[in-house]
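# Observations on the model geometry
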Amino acid sequence: MSFVVRCPHCGLREVADFAFGGEVTNRPRGDPSFRDLNQYNYFRHNVAGVQREWWYHRSGCRTWFLADRDTRTNEVLRVGLPGELPS
Amino acid sequence: VSRLPPQPGEVVERDQVVTFTFDGKQVTALAGDTIGSALYAVGRRTFSRSFKYHRRRGLMCCAGHCPNCLVAVDGAPGVRACTGPVREGAKVEHLNAVPSLEYDAMAVTDAVGGPFTPPGFYYKTFVRPRRLWPLHEKLLRYAAGLGRLRKAQPERTWRTEYRRRHADVLVVGGGVAGLAAAIAAAELGADVVLADDGPEPGGRLLWEEGHEQARALAAKAREAGVEILTSAPALGDFDGLVAVWQRDTLHQIRARHHVYATGAIEQPLVFIGNDLPGVMLSGGARRLVAMCAVRPGTRAVVATTSDRGVRAALALQAANVDVAVVADLRPKPSRAAARLATNGIEAVYGWTVVAATGTKAVRGAVLAPVTSLRPGAAPAERRELECDLLVVSGGDAPATSLATQAGATTAYDERVGHFRLSELPRNVWAAGQLAGEGGHRVAETSGVLAGLVDEGYDSIELCKRYTTVTMGPCHRPGPLRGDHLRRRADPRRRHPQPDRRGELLRDDDLERRRRGRAVVLVVAGGLAHAGAPERHHPGPVRRQPRGAERALDPAAADGSRLLAGGVHVSRRQARPVLRDRQLLIMVGWALGEYLWHVVADAAEHLGGGPVGAGAIAATEVQRA
């Protein structure tokens, strides 16, 4: 596995500079049921395709940001800070 | 001394004498010589001994492709004499022969051990009775391997640096196609890096009377802003990250487009005695003549399957070598062959070489018509000619290893009798002989077209139309294995029964597994030559993690004769070198052999572990 990720601050870097933060999940609001919490804690979509995920520029600016990555080709299509990317 | 008068385009410097020692004897060379050419010029023909039968090995390819000329330089084994440059005061020693290269006691395995040690004979035969195995193993370990490492390594004065480089276009191979591609892309405004494994870009042009064109192209490329890395073999394509090793720097290059112009590797012919010193590939003989001004022999026989041999015969004649005959496997003279007649060289068509005679070196060649070699054919006349140089050329096989690592597929081409690229992955392009292009002119054109890809010609259909990259064989891709077998079965590839010890025989499958260039441990942060000067680096560099260096410290290894086997580096430590691949370092031929047997399967999935006298990168191997 070797590809490049574009950090919103620093630009194109090797993926080894980054830490993977997992796919973006929706935190249940209000008073969630145990089923919802279970879902939130343990279940992921794990798609074969484009997926929105968290990345952390570990050896750079130390920013958490979001990226749309194709899990089949490791191609990073879009990156942005939280709130910047269209959902 | 067989030094020729100054040759056009030679790289040796006549007024600068370099002296070094070979097995304690002083050798005088010219600056620019390789160790191999310097030794050849003073009359040495045997450079090493084969590792099993201890048969003599002489210069063969002169291009760093074969293991025939491995020597130790200043105690570091596994240096290819044919590409290793001479250095003042260097101590060069032979490997693998006791007491000397000329009188090797182990050659007895060849003389009398033949019936007892057939091909495929394996040292584990001695594993029983179990009680004796420790003794056997000791003896076998002593007998096996190429060279010994020093017990204690001198302290290192420099480290392997690595450098990251992002570019628009990466061109691998600085031959005419690679240079043309680089120039075309650079002139369109692209940021281009070109990596070539030779000390000077130009590839075959340098020794095939095109040195002026090569230098002009290189100058043009530099002017166009191409970053040219010389003496920099590309080690592999790891998911688009190409590792290029240049002395003490590992360039990790990422480019939007990769142009592979790695050229072709000349194939030897198979016949009895094809491993005798004095049997040389046409490219090797021409390199000796054109670059080092060394006369490769006095009387030559040329056996060829293509025009390469024909051109080599003419070049040899120009270098004052008496060409006895050119035996062309093809039934009819080609257009290039007309010049043979005008130069008074005898040529026979539909003939090939069936044996080389001689004990210490080639003393003659036996030729026979090809038709008489088919099974069941009537015996025909044979001609035996005296010669001290047998130049062979079995055609060119595209050097596809890097492209296939990048994800390209190959298919067997019956017309030319070897594998050619069929499908290329996205953003990877092939140019020149690798793509199956022939002459310089065609290679240049295809290179230009591959360069154009950067500017909009980015669909495979367009590229297909404007280059011949995917023409021919790609339209019927077939299973690799099946093709491989077909190659074996193809009657046109049938040469006389191979000598059972013809270790030079190569097949494409092996070729793919093998890296073109053995990697010295230095690259992985291991051994280093003391006293190497600090170099100035062209860009920002990063040091390797200290852990990696420690783990690879040879002092930590157990110092046994085979150098101590595998040092396992964790995923994280190996990252700067090979990313997610685990790195297994080893030195010594026997260990290589061992690994070959044990992990042949793993090696096959490597996609490009550098195997040979150096290191192997494996995905699954843990510790050998």
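Parameters at a glance
- Residues numbered from 1 in each chain as written.
- Chains lettered and ligands numbered in written order.
- Predicted model: local features only at pLDDT ≥ 70, side-chain atom pairs only at ≥ 80, totals over all residues.
- Heavy atoms only, no water.
- Helix = DSSP H or I, 4+ residues; strand = E, 2+ residues; numbered from the N terminus.
- Buried < 20%, exposed > 50% of the residue type's maximum accessible area, 1.4 Å probe, protein only.
- Contact = heavy atoms within 4.5 Å.
- Areas by Shrake-Rupley, 256 points an atom, 1.4 Å probe, with all protein chains shown as cover.
- Phe/Tyr/Trp six-rings, centres within 6.5 Å; stacked < 30°, edge-to-face > 60°.
- Lys NZ or Arg CZ within 6 Å of the ring centre and 35° of its normal.
- Disulfide = S-S within 2.5 Å.
- Polar contact = N/O pair within 3.5 Å; in protein donor to acceptor, adjacent residues only side chain to side chain.
- Pairing = 2+ DSSP bridges.
- Axes fitted to C-alpha atoms, helices over the stretch in contact; angles between N-to-C directions.
- Salt bridge = Lys/Arg side-chain N within 4 Å of Asp/Glu carboxyl O.
- Parallel < 35°, antiparallel > 145°, perpendicular 65-115°, else oblique.
- Left-handed = near helix turned anticlockwise from the far one by under 90°.
- Core = buried A, V, L, I, M, F, W, Y, C linked by side-chain atoms within 4.5 Å.

Here we take up the overall build of chain B. The helix and strand tally for chain B stands at 17 helices and 30 strands. Residues classed as buried in chain B amount to 58% of the 624 residues present. Nonlocal contacts in chain B, meaning residues at least 24 apart in sequence, comprise 64% of its contacts between residues at least 6 apart. As presented, chain B carries roughly 26800 Å² of accessible surface, and 54% of it is formed by carbon and sulfur atoms.

Between two aromatic rings, the relevant description is the distance of the centres plus the angle of the planes. In total, this model carries six aromatic pairs over all chains according to the counting rule given. Taking the centre distance of 6.3 Å and the plane angle of 90° together, the rings of Phe3 of chain A and Trp55 of chain A count as edge-to-face. In this pair, Phe3 of chain A sits in the segment before strand S1 (4-7) while Trp55 of chain A sits in strand S4 (residues 50-56), placing the two residues 52 residues apart along the sequence. Both residues of the pair, Phe3 of chain A and Trp55 of chain A, belong to the buried class. Linked through ring pairs, Phe3, Phe18, Phe20, Trp55 and Phe65 of chain A together constitute an aromatic cluster. Directly above the aromatic system of Tyr40 of chain B lies the positively charged group of Arg45 of chain B, at a separation of 3.8 Å from the ring centroid. When the ring centre of Trp207 of chain B is taken as reference, the NZ or CZ atom of Arg287 of chain B above it lies at 4.1 Å.

Scanning all chains against the criterion turns up zero disulfides over all chains. Cysteine Cys61 of chain A shares no disulfide, and the gap to the nearest cysteine sulfur, in Cys7 of chain A, comes to 3.6 Å. Considering cysteine sulfurs only, Cys82 of chain B is the nearest to Cys62 of chain B, which forms no disulfide, with 5.8 Å between them. Judged by relative accessible area, which is 4%, Cys62 of chain B ranks as buried.

Turning our attention to the environment of Asn274 of chain B. All names here are of chain B. Along the polypeptide, Asn274 turns up in the loop between strand S14 (264-266) and strand S15 (279-281). On the basis of relative accessibility, which here comes to 4%, the residue Asn274 falls in the buried class. Each C-alpha atom of the pair Asn274 and Val354 lies 9.1 Å from the other, and the pair is 80 residues apart in sequence. Looking at Asn274, its side chain comes within polar contact range of the main-chain oxygen of Leu269, at 3.1 Å.

Let's shift gears to the sheet that holds strand S6 (residues 75-80) of chain A. All names here are of chain A. On the basis of which strands lie adjacent, the open sheet formed by four strands has the order S3-S4-S5-S6 and antiparallel pairing. The open sheet is flanked by strand S3 (19-23) and S6, the only strands paired with a single partner. For this sheet the average axis-to-axis angle between neighbouring strands, irrespective of direction, equals 35°. Relative to S6, strand S5 (residues 64-70) runs antiparallel, the two being bridged by five bridges. Paired with Ala67 across the strands is Val79, a residue of S6.

Our focus in this paragraph is unusual backbone geometry. The phi torsion at Arg62 of chain A lies on the positive side, around 60°, for a residue other than glycine. Counting through the fold element by element, Arg62 of chain A comes out in the loop between S4 and S5. You will see that Asp74 of chain B, though not glycine, has its phi angle at about 50°, which is positive. Tracing the backbone shows Asp74 of chain B in the loop between strand S5 (70-73) and strand S6 (76-80). Asp74 of chain B gets classed as partly exposed once you look at its relative accessible area, which sits at 30%.

Time to look at the pattern of salt bridges. Residue and element names in this part refer to chain B. In total, this model carries 27 salt bridges over all chains according to the counting rule given. When the shortest N-O distance is used, the salt bridge between Arg256 and Asp168 registers 3.7 Å. Of this pair, Arg256 sits in strand S13 (residues 249-260) while Asp168 sits in strand S8 (residues 161-172), and the two are 88 residues apart along the sequence. On the accessibility criterion, Arg256 (48% relative accessible area) is partly exposed. Here Arg383 makes a salt bridge to Glu346, at a shortest N to O gap of 3.0 Å. With Arg383 in strand S21 (residues 383-386) and Glu346 in the loop between helix H8 (338-342) and strand S18 (347-349), this pair connects stretches of sequence that are 37 residues apart. Residue classification places Arg383 among the partly exposed residues on the basis of a relative accessible area of 23%. A residue is classified by how much of its surface remains accessible, and Glu346, at 37% relative accessible area, is partly exposed.

Time to look at the packing of helix H4 (residues 176-187) of chain B against helix H5 (residues 211-223) of chain B. Residues and elements named next belong to chain B. Orientation of H4 relative to H5, taken along the N-to-C sense of each, is 25°, at an axis distance of 9 Å. The pairing of H4 with H5 is recorded here as roughly parallel in orientation. Between H4 and H5 lies a crossing of left-handed hand. From H4, Val176, Leu179, Ile183 and Glu187 reach across to H5, where they touch Gln213, Ala214, Leu217, Ala218, Lys220 and Ala221.

Now for the nonpolar core. Residue and element names in this part refer to chain B. Of all hydrophobic cores here, the largest spans 76 residues; its most connected members are Phe20, Leu59, Val192 and Leu316. Ranked by the residues each element gives to this core, the list is headed by H4, at eight residues. Contacts of Leu316, omitting those with residues within four sequence positions, involve Ala285, Val289, Pro296, Ala300, Val302, Val321, Val323, Leu389 and Val391. In this structure, Phe271, Ala324, Leu367 and Cys387 belong to the second largest nonpolar core, which totals 25 residues.

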